[in-house]
Amino acid sequence: MHIPDGFLDTKTWASFWVVSFGFIGVAIKKAKEELKEKSAPLMGIIGAFIFAAQMLNFPVLNGTSGHFVGGVLAGIILGPFAGLIVMSVVLIIQSLLFGDGGILALGANIFNMGIIGTFLGYYIFILLNKIFKKGLFLNSFIASWFAIVLGSLSCTVQLAISKTIPLYLGLPSMVGIHSLIGIGEGLITSLVVSFLYKTRKDLIFIKTPDQGGL
Amino acid sequence: MKKLIISGLIISIILVLFSPFASSFPDGLEKVSEIFHFSEKGQSLINSPISDYSFPFVKNNFLSTIIAGLIGVIMIFILLLIFGNLFKRSKI
């Protein structure tokens, strides 16, 4: 879902630069409050894992592939603010070093794959935890699935306001394909989250019931 | 903590070792851009040193992908370690 340069017009990429880097500014401030002793190495590990997992494209329908994104995973384990910093570093390195995702499109990509996952996906997870208290696996699955589908929706809207592809054409195929990719995202997130809850619950950001923890 | 860092890095490195076997089909957005003929609008504004996850100077595709992945894993790990520590220090 990494948007290359050339797909977005100036008003669109510039607006999302402002929005995303504004969010990152707030995240840096807030992450300082969230971070604990173990956070720095944990951020490093989660970032490394997400980057590596993103390289593993899996085939979906009709000669198309998808890959893990990891925003919700980062949000659940590190909290939404530190999670956003991790996702931003991954996306910035991918763009600058590997040419994956444009420089101008960086703000839009951080919004679609970072902010939507670490915030929106994270809060969907919290909300689901409050309703289905024992459903850790399914809750993280659904939250990650939504993060991918909403990310693709946001991407399609950005392409539409850039007049690259009209919404009525782009939406069915983008959201359709990403609702399949989202299943992979959901499975990976659920497996990692369930595994960490069983083995190293102390490392996970969400713990107390009022945060929706289990 | 040391155990956690080592096992986390080992898992990431194992994932990178599998990356040459990843699907080479276009991803969701690439595919849609091909179907609706706007893929040619895509452009690179800078010359990324390790463009497309293949390390230059290494002819073997298999190896160049793995080297690219390892560089990414290590860079991101170190960068976030530095950031995390900066945040912690400035808190006091």
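Residues numbered from 1 in each chain as written. Chains lettered and ligands numbered in written order. Predicted model: local features only at pLDDT ≥ 70, side-chain atom pairs only at ≥ 80, totals over all residues. Heavy atoms only, no water.

(A) Structural view of empty space enclosed by the protein. All chains considered together, the criterion is met by two cavities of 30 Å³ or more. Roughly 60 Å³ of internal volume is contained in the largest cavity. Looking at the largest cavity, the residues that line it are A:M1, A:V69, A:G70, A:G71, A:V72, A:N112, A:M113, A:G117, A:S144, A:A147, A:I148 and A:E185. Only α3 (71-78), α5 (106-131) and α6 (136-161) of chain A provide two or more residues apiece to the lining of the largest cavity. Quantified by volume, the second largest cavity comes out at close to 50 Å³. Lining the second largest cavity, in full, are A:M1, A:S65, A:G66, A:H67, A:V69, A:I148, A:H178, A:I181, B:D27 and B:G28. Those elements that place two or more of their residues in the lining of the second largest cavity are β2 (65-66) and α7 (167-199) of chain A. Across the lining of the second largest cavity, the residue classes break down as four nonpolar, five polar and one charged. (1 Å grid on protein atoms, 1.4 Å probe; cavity = no way out; pocket = protein on both sides within 12 Å on 5 of 7 lines; lining within 4 Å. Points joined across faces, edges and corners; volume = space filled by probe spheres on them. Helix = DSSP H or I, 4+ residues; strand = E, 2+ residues; numbered from the N terminus. Nonpolar A, V, L, I, M, F, W, Y, C, P; charged D, E, K, R; others polar.)

(B) Up close: the packing of α7(A) against helix α2 (residues 28-35) of chain B. Where α7(A) meets α2(B), the closest approach of the two axes is 10 Å, and the angle between their N-to-C directions is 150 degrees. As summarised for this structure, α7(A) and α2(B) are arranged roughly antiparallel, according to the angle between their axes. The handedness of the crossing between α7(A) and α2(B) comes out as right-handed. Judged by residue contacts, A:S173, A:M174, A:I177, A:H178 and A:I181 of α7(A) engage B:G28, B:L29 and B:V32 from α2(B). (Axes fitted to C-alpha atoms, helices over the stretch in contact; angles between N-to-C directions. Parallel < 35°, antiparallel > 145°, perpendicular 65-115°, else oblique. Left-handed = near helix turned anticlockwise from the far one by under 90°. Contact = heavy atoms within 4.5 Å.)

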